[in-house]
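# Examining the three-dimensional arrangement
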Amino acid sequence: MIPEKIENLLKKYGQEHLLRYFGEIDEEGRAGLLSQIAGIDFERVSGLFLTASGAVQQESKEHKYEPVPFTDKKNLSKEAIEAYEKTGGEIISRGGFAALTMAGGQGTRLGHNGPKGTYDIGLPGHPSLFEIQCGRLLEASKKYGKTIPWYIMTSRENDADTKAFFKAHGFFGYPEEDIKFFVQNMLPMVAFDGKIVLDRKDHIKEGADGHGGVFAALKSSGCYDDMLKRGVKWVFIGGIDNVLLKLCDPLLIGFAEKSGAKIAAKSLVKRDAHEGVGVFCKRDGKPYVIEYTEISDEMADARRGDGSFLYGDAHVLCNLFSIESIGGVVESGGGLPYHVARKKTQYIDANGNIATPEKPNAYKFEAFIFDAFEYFSDIAILRVDRESEFAPVKNKEGEDSPESARRMYEENLRRENEQR
Ligand code: UTP
């Protein structure tokens with residue numbers, strides 16, 4: 001039996017096709033499909049589709065962009081670095097610091113069968129990406145005499161596998177009570193004709209709602225309250241796929257604390273004018289990351305007198321948020337704007353068969369964490385070296401692949417050993 005409420009809901013939003021195969025699927029499939037439907041906010045999805053398809057025009061506003069100040073780590077004196085590290089170290093020792101890893105992405109480009117964090121890039125001992133991060137946090141916890149609470153964001157798609165992986169590996173030696181997994185929201189994908197995609201007769205194609213979903217998920221999962229209860233003051237939020245990510249850097253923490261800003265980030269100099277990265281700037285006076293798809297050629301190539309890029313500081317998911325700043329975003333609903341991507345996704349065709357398109361066929365909606373920066377008047381940016389802080393694992397081969405990340409990891413280790 002299809003509940004009348006659901007039938008009416010689907011009719012109201014023109015999504016009756018979601019139950020077209022209801023008669024053909026088994027009990028379990030029916031229950032799953034109905035529960036997916038019950039979890040969808042159709043009003044929101046319909047609004048997102050109308051904007052994505054251009055049926056509803058977004059108010060276009062002229063913005064004023066300006067460069068944003070930054071501090072280059074290279075120009076800091078030894079004494080300044082030591083002083084920041086001392087301040088940061090004290091915060092960590094007092095239990096005022098937590099780390100958060102966003103691991104809810106689908107890792108489609110890598111094409112790994114399982115959560116991206118379980119991937120082994122082929123280092124000696126074969127640590128997974130999760131184990132590499134865990135090792136860094138274990139080391140810092142030991143150094144500062146305080147276990148760093150570690151929050152790990154998953155998605156409904158990979159939550160069970162992620163937890164099972166940690167369990168199977170004894171949580172890599174990390175105190176289990178100090179790791180908290182929490183699940184981000186999902187949004188259905190919508191075909192270009194406005195119909196929500198069924199990728200099986202009994203299943204709606206949903207995708208994680210982007211790394212910007214972290215704020216809403218922190219609130220709904222109770223993790224934000226857990227941070228408050230633990231007396232956390234600063235939270236580092238990073239991705240799972242940068243093998244050189246310093247999740248607990250006392251320099252960044254001390255630098256942020258002393259800056260007076262509520263948020264901080266590390267940046268890297270972009271390689272060339274059109275590298276596919278977002279760059280920091282100020283938009284209408286507020287910190288902002290302008291995506292490479294949004295930036296004008298003129299802005300992308302604008303230079304200072306010394307030839308350096310005016311908008312040259314790339315955002316690489318290396319952000320530190322004060323607990324007040326997280327509170328500010330979550331209390332205002334945690335909702336950031338959604339960006340639209342046109343993606344290829346499997347669907348059920350007119351004959352009821354599973355089809356794989358050759359071209360993008362549906363919209364995917366994702367929120368980006370850096371859209372939260374606009375909530376604040378300032379951001380403290382610390383420019384660091386790419387070689388020692390950024391080795392992403394994005395693609396199967398070539399640039400930003402397991403192979404390039406492994407090479408950078410090993411080169412960095414060699415440099416560190418030489419400096420010791
Ligand atoms: P990316 O945007 O590079 O996505 O995520 P991805 O899922 O790893 O890979 P593709 O684009 O599908 O190939 C950067 C970081 O943000 C996390 C990812 O897990 C990764 O650590 N992320 C991304 C989430 O936690 N949730 C999301 O919805 C999206």
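Residues numbered from 1 in each chain as written. Predicted model: local features only at pLDDT ≥ 70, side-chain atom pairs only at ≥ 80, totals over all residues. Heavy atoms only, no water.

### A look at the overall build of the protein
Broken down by element type, the protein carries 13 helices and 20 strands. For a compact globule of 420 residues, the expected C-alpha radius of gyration is about 22 Å, and the protein comes in at 22 Å, within 12% of that figure. With respect to the principal axes defined by its C-alpha atoms, the protein has extents near 70 × 50 × 40 Å. Each of the 420 residues in the protein was classed as buried or not, and the buried ones make up 51%. In the protein, the proportion of contacts linking residues at least 24 apart, taken out of those at least 6 apart, comes to 77%. Taken as a whole, the protein presents about 20300 Å² of accessible surface, with 47% of it coming from carbon and sulfur. (Helix = DSSP H or I, 4+ residues; strand = E, 2+ residues; numbered from the N terminus. Rg over C-alpha atoms; globule rule 2.2 N^0.38 Å. Buried < 20%, exposed > 50% of the residue type's maximum accessible area, 1.4 Å probe, protein only. Contact = heavy atoms within 4.5 Å. Areas by Shrake-Rupley, 256 points an atom, 1.4 Å probe, with all protein chains shown as cover.)

### Some thoughts on the sheet that holds strand 7 (residues 190–191)
In spatial order, the strands read 7-19-16; together these three strands make up an open sheet with antiparallel pairing. Here the strands that pair on one side only, and so sit at the sheet edges, are strand 7 and strand 16 (338–343). Here six bridges tie strand 16 to strand 19 (residues 362–367), and the two strands are oriented antiparallel to one another. Across the sheet, residue K343 finds its bridge partner in strand 19, namely A362. Contacts from helix 3 (residues 42–52) reach strand 7, strand 16 and strand 19, with the element oriented near 110° to strand 19. (Pairing = 2+ DSSP bridges. Axes fitted to C-alpha atoms, helices over the stretch in contact; angles between N-to-C directions.)

### Some words on the site of the ligand
Surveying the vicinity of the ligand reveals 20 residues, the closest of which are M102, T108, K116, Q184 and K394. R109 places a polar main-chain atom, nitrogen or oxygen, 2.8 Å from an oxygen atom of the ligand. At 2.8 Å, a backbone N or O of G210 approaches an oxygen atom of the ligand. For the ligand, whose unbound accessible area comes to 570 Å², protein coverage reaches 89%. Taken together, the residues that form the shell around the ligand break down as six nonpolar, nine polar and five charged. (Near = heavy atom within 4 Å. Polar contact = N/O pair within 3.5 Å; in protein donor to acceptor, adjacent residues only side chain to side chain. Nonpolar A, V, L, I, M, F, W, Y, C, P; charged D, E, K, R; others polar.)

### A look at the side chain of S401
For S401, the location among the structural elements is in the loop between helix 12 (386–389) and helix 13 (402–419). Classification of S401 as buried rests on a relative accessible area of 0%. Ignoring any residue separated from it by four or fewer positions in sequence, one finds S401 in contact with P392, N395 and K396.

### Looking at the nonpolar core
Counting 54 residues, the largest nonpolar core has F97, I148, W150, F166, V243 and L320 as its most contacted members. Ignoring sequence-local partners within four residues, the contact set of F97 consists of I91, I92, I148, P149, V232, W234, F236, L247, C248, I253 and L320. (Core = buried A, V, L, I, M, F, W, Y, C linked by side-chain atoms within 4.5 Å.)

### A look at the packing of helix 7 (residues 214–221) against helix 8 (residues 223–230)
It is the contact of helix 7 with helix 8, at a shortest axis distance of 4 Å, that shows an interaxial angle of 70°. By the angle class used here, helix 7 and helix 8 are roughly perpendicular. Here L218, K219 and S221 of helix 7 lie close against helix 8, whose contacting residues are C223, Y224 and M227. Looking at the contact of helix 7 with helix 8 residue by residue, the class counts come to four nonpolar, one polar and one charged. (Parallel < 35°, antiparallel > 145°, perpendicular 65-115°, else oblique.)

### Quick notes on unusual backbone geometry
Most peptide bonds take the trans configuration, and most residues that are not glycine carry a negative phi. One non-glycine residue, F172, lies in positive phi territory at about 50°. A relative accessible area of 13% means that F172 is categorised as buried. Non-glycine residue L317 carries a positive phi angle of around 50°. Among the structural elements, L317 can be located in strand 15 (residues 313–322).

### Let's talk about the environment of S388
Structurally, S388 can be placed in helix 12. Expressed as a C-alpha distance, the spacing of S388 and N412, which sit 24 residues apart in the sequence, is 5.8 Å. In contact with S388, not counting residues within four places along its chain, are L244, K246, N412 and R415.

### Considerations on helix 9 (residues 250–259)
With seven of 10 residues buried, helix 9 lies mostly within the body of the structure. Taken residue by residue, helix 9 has P250, L251, L252, I253, G254, F255 and A256 as its buried positions. In the stretch just after helix 9, G260 is the one whose phi turns positive, near 85°.

### A closer look at the pattern of salt bridges
Side-chain pairs of opposite charge can arise where the charged atoms are in close proximity. Applying the stated criterion across every chain, the model contains 28 salt bridges. In this structure, the salt-bridge partner of K78 is E82, at a minimum N-O distance of 3.6 Å. Taken as a pair, K78 and E82 lie in helix 4 (residues 78–93) at a separation of four residues, close to a single helical turn. On the accessibility criterion, K78 (60% relative accessible area) is exposed. D249 is the salt-bridge partner of K266, the closest N and O atoms lying 2.7 Å from each other. Of this pair, K266 sits in strand 12 (residues 263–269) while D249 sits in the loop between strand 11 (234–239) and helix 9, and the two are 17 residues apart along the sequence. Judged by relative accessible area, which is 1%, K266 ranks as buried. By relative accessible area, which is 9% here, D249 ends up buried. (Salt bridge = Lys/Arg side-chain N within 4 Å of Asp/Glu carboxyl O.)

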